[in-house]
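One letter stands for each residue in the lines below.
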Amino acid sequence: MAGTTTATAATDEAAVALNAVDVAFRLADGAIFRAVSNATLNVADGEFVSIVGPTGCGKSTLLNIAAGLLPPAAGAVNIFGKRLSDLNRQAGYLFQADALFPWKTALENVAIGLDIVGVPPAEARTRAKDWLGKVGLGAFGDRYPHMLSGGQRKRVGLAQVLIRDPKILLMDEPFGPLDAQTRQIMGNLLLELWSADRKAVLFVTHDLEEAIALSDRVVIMSAGPASRIIGDWHVNLPRPRDISEIKLSAGFHELHRDIWHMLKEEVIKGYAQAEGR
Amino acid sequence: MSRVTLLSLQIAVAVIFVAAWYVFSTYPVFGHILLPPFFFSNPVDVVKQIIAWFVSGVIWKHLWVTLVESMLAFVIGSVGGVLVGFWFARQPRTAAVFDPYVKMANALPRVVLAPIFTLWLGLGIWSKVALGVTLVFFIVFFNVYQGVKEVSPTVLANARMLGMKERQLMRHVYWPSALSWMFSSLHTSVGFAVVGAVVGEYLGAAAGLGYLIQQAEGVFDVAGVFAGMFVLAAFVIVIDLIVTVVEKRLLVWRPTVGESRP
């Protein structure tokens, strides 16, 4: 990547740089709906950033912009200093909904990312087995997704994304549908895998506790429509972390209180808007 | 309900049905025979007729002809349905242009085509195959079209983020999805292939189960008509069992209805 950057100095180092990004959709009746307004956000290489906001604030939309699945209405997206115009090939994306291929076994689901770039099948299988072991599903390779629990499917999804060794990891409320205990276990698994080779992570969640426990930085978005980034907090809690333990520390509580103070108003606004619709 | 109870109840239904048929077609009730043998025959004659067919071996030729016609209709109709379904689903403009004609052709009762096919293709098996194809094609076509159209957007986005190109999307996403929809309609399409073959035979042929039934009917041999119907029903059940086995193998990745996760 060195020497190929053409972007401004401010975004040179960033893995993901959103620069004054607007997101707008054309509604069925022809009107323009502005989902996100003037969002500027940098994620440094190796940094774990969470976006937290009330329901419907467009945080998932912002992630789709960073993935290149959606073009911004205004502003620019730079990935490692290069303007993003197509899909973000450097990023792995973990979706909120089930995104595994239901007609492939867990092992085939993990191996597919290697298969399609021409890795020999035998090698792809070996590495996929290795990754299934890393996410604790070594014995489940021949199961189809419907035979796995929600948490197990997320583990397969994590392995499917990480086996390609993306430089950036985009996660859209990946543990949203899981129960509280499973979420905690998955959070710890994520931190463990991430600490091995710190990728840049952009993690979207509506759960502030989860965001603080996982991240280096927590970004708060206002209630939609035309939601903005209204807060950016550094989380100076020591690593390595254990999610259930860190939630008991004083530093965590202090931070949570401060951020929640700001977020609470937005959540209430968000609900009021949803009710009024 | 246990398997044994279920099976005995199922057998009981058949026994009661046949017994009632036998009694009402043989013994008068209040001076009347409720099921006159001229119209309803009776189970003994029907069984005798079936046994006679199998002992003399004539039935095998007719079964074979119907089987060949059904299979050809199924294979040709399915291949056509898959190709055209895929093509239309990936080319919305083509689909929009042809849409009214597809609907028109599908709404047409296919039996009216039988005389035309006989005219074009003669009295041999191909006019029956053609009739079956027109039935199978539309079932497979609509299912494949739907299957390609209704690929989960999340799975599709995931595939693209994993780096799949258009050709790989076809192979790993659209194709399996379309096939799964096709296989889920396997029972219906195989059934319609048989219907096409039998109806075609009935309307004009030199062999096949439909021909057998039509011949018996022509000489008021009611026992022959019923015997033909029962052989046909058994034939369809055997084919359906084979389809179920094939389906289980092909759709191993799909949860069966009511199945819960471990």
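### Focus on the interface of chain B and chain A
- Of the residues lining the interface, 22 residues belong to chain B; the matching set on chain A comes to 28 residues.
- Contact between chain B and chain A buries roughly 2400 Å² in total, counting both sides, with carbon and sulfur atoms accounting for 66%.
- Along the contact surface separating chain B from chain A lie 0 salt bridges.
- Our count for the contact surface shared by chain B and chain A stands at 8 residue pairs in polar contact (both at pLDDT 80 or more).
- Going through the elements one at a time, α8 (153-161) and α9 (166-184) of chain B are the ones with two or more residues in the side of chain B that touches chain A.
- For the side of chain B that touches chain A, the element with the highest residue contribution is α8 of chain B, accounting for 7 residues.
- Looking at the side of chain B that touches chain A residue by residue, the classes come out as 12 nonpolar, 6 polar and 4 charged.

### So, helix α5 (residues 180-196) of chain A
- Taking 1.5 Å as the rise per residue, α5 of chain A with 17 residues should run 24 Å; its terminal C-alpha atoms sit 25 Å apart, in good agreement.
- Of the positions making up α5 of chain A, those classed as buried are Arg-183, Met-186, Gly-187, Leu-189, Leu-190, Leu-191, Leu-193 and Trp-194 of chain A.

### A look at the confidence of the model for chain B
- In the predicted model, chain B carries a mean pLDDT of 89, and the fraction of residues at 70 or more is 97%.
- On the interface metric, ipTM, the complex scores 0.86, and its pTM is 0.78.

### Structural notes on the sheet that holds strand β2 (residues 32-44) of chain A
All names here are of chain A.
- Pairing within the open sheet is antiparallel, and its 4 strands lie in the order β2-β1-β4-β5. In the strand order of this sheet, the two ends are held by β2 and β5 (82-83), each with one partner.
- One ladder, built from 9 bridges, connects strand β1 (residues 14-26) with β2; its direction is antiparallel. Bridged to Ala-24 within β2 is Arg-34.
- Along the sheet, helix α1 (residues 59-67) contacts β1, β2 and β4 (74-79); its crossing angle with β1, the most-contacted strand, is approximately 120°.

### Some thoughts on the packing of helix α3 (residues 43-56) of chain B against helix α12 (residues 222-250) of chain B
Residue and element names in this part refer to chain B.
- At a closest axis distance of 8 Å, the pairing of α3 and α12 adopts a crossing angle of 65°. By the angle between their axes, α3 is roughly perpendicular relative to α12. Pair α3 / α12 crosses with right-handed handedness. Where α3 abuts α12, its residues Asp-45, Val-46, Gln-49, Ile-50, Trp-53 and Phe-54 lie against Ala-223, Gly-224, Phe-226, Ala-227, Gly-228, Phe-230 and Val-231.
- When the residues that make up the contact of α3 with α12 are grouped by side-chain class, the tally is 9 nonpolar, 3 polar and 1 charged.

### Quick notes on the packing of helix α4 (residues 58-90) of chain B against α9 of chain B
Residue and element names in this part refer to chain B.
- Two numbers describe how α4 lies on α9: the axes approach to 12 Å, and their chain directions differ by 130°. In terms of orientation, α4 lies oblique with respect to α9. Of the two possible hands of crossing, α4 and α9 adopt the one that is right-handed. Note on element contacts: α9 touches α4 through Glu-166, Met-170, Tyr-174, Trp-175, Ala-178 and Met-182, opposite Ser-78, Val-82, Phe-86 and Arg-90.
- Residues belonging to the contact of α4 with α9 are distributed by class as follows: 7 nonpolar, 1 polar and 2 charged.

### Section: the domain arrangement of chain B
All names here are of chain B.
- Here the domain parsing of chain B yields domain 1 (1-40) and domain 2 (41-250).
- With centres defined by C-alpha atoms, the gap from domain 1 to domain 2 works out at 33 Å.
- Together, the buried faces of domain 1 and domain 2 total about 720 Å²; carbon and sulfur atoms form 75% of this surface.
- At the junction of domain 1 with domain 2, the criterion picks out 0 salt bridges.
- At the junction of domain 1 and domain 2, the tally comes to 1 residue pair in polar contact (both at pLDDT 80 or more).
- Listing elements by their share of the side of domain 1 that touches domain 2, those giving two or more residues are α1 (3-26) and α2 (37-40).

### Some words on empty space enclosed by the protein
- Overall, the coordinates contain 3 cavities of 30 Å³ or more when judged by the stated rule.
- Lining the largest cavity are Tyr-93, Leu-94, Phe-95, Ala-97, Asp-98, Ala-99, Leu-100, Arg-153, Lys-154, Gly-157 and Gln-160 of chain A together with Asn-158 of chain B.
- For the lining of the largest cavity, the elements supplying multiple residues, two or more each, are β6 (91-94) and α4 (150-162) of chain A.
- For the lining of the largest cavity, the leading source of residues is α4 of chain A, giving 4 residues.

### Quick look at a nonpolar patch on the surface
All names here are of chain B.
- Together, Val-75, Ile-76, Val-79, Leu-83, Ile-116, Leu-119, Trp-120, Leu-121 and Trp-126 line one region of the surface with nonpolar side chains, adding up to about 960 Å² of accessible area.
- Mapping Val-79 onto the fold places it in helix α4.
- When its relative accessible area of 46% is taken as the criterion, Val-79 is described as partly exposed.

About the thresholds
Residues numbered from 1 in each chain as written. Chains lettered and ligands numbered in written order. Predicted model: local features only at pLDDT ≥ 70, side-chain atom pairs only at ≥ 80, totals over all residues. Heavy atoms only, no water. Contact = heavy atoms within 4.5 Å. Buried area = accessible area lost by both parts, 1.4 Å probe. Salt bridge = Lys/Arg side-chain N within 4 Å of Asp/Glu carboxyl O. Polar contact = N/O pair within 3.5 Å; in protein donor to acceptor, adjacent residues only side chain to side chain. Helix = DSSP H or I, 4+ residues; strand = E, 2+ residues; numbered from the N terminus. Nonpolar A, V, L, I, M, F, W, Y, C, P; charged D, E, K, R; others polar. Expected span 1.5 Å × (residues − 1). Buried < 20%, exposed > 50% of the residue type's maximum accessible area, 1.4 Å probe, protein only. pLDDT = per-residue confidence, 0-100. Pairing = 2+ DSSP bridges. Axes fitted to C-alpha atoms, helices over the stretch in contact; angles between N-to-C directions. Parallel < 35°, antiparallel > 145°, perpendicular 65-115°, else oblique. Left-handed = near helix turned anticlockwise from the far one by under 90°. Domains from an automatic or database assignment. 1 Å grid on protein atoms, 1.4 Å probe; cavity = no way out; pocket = protein on both sides within 12 Å on 5 of 7 lines; lining within 4 Å. Points joined across faces, edges and corners; volume = space filled by probe spheres on them. Patch = residues over 30% accessible without salt bridge, like charges linked within 9 Å, V, L, I, M, F, W, Y side chains within 5 Å. Areas by Shrake-Rupley, 256 points an atom, 1.4 Å probe, with all protein chains shown as cover.

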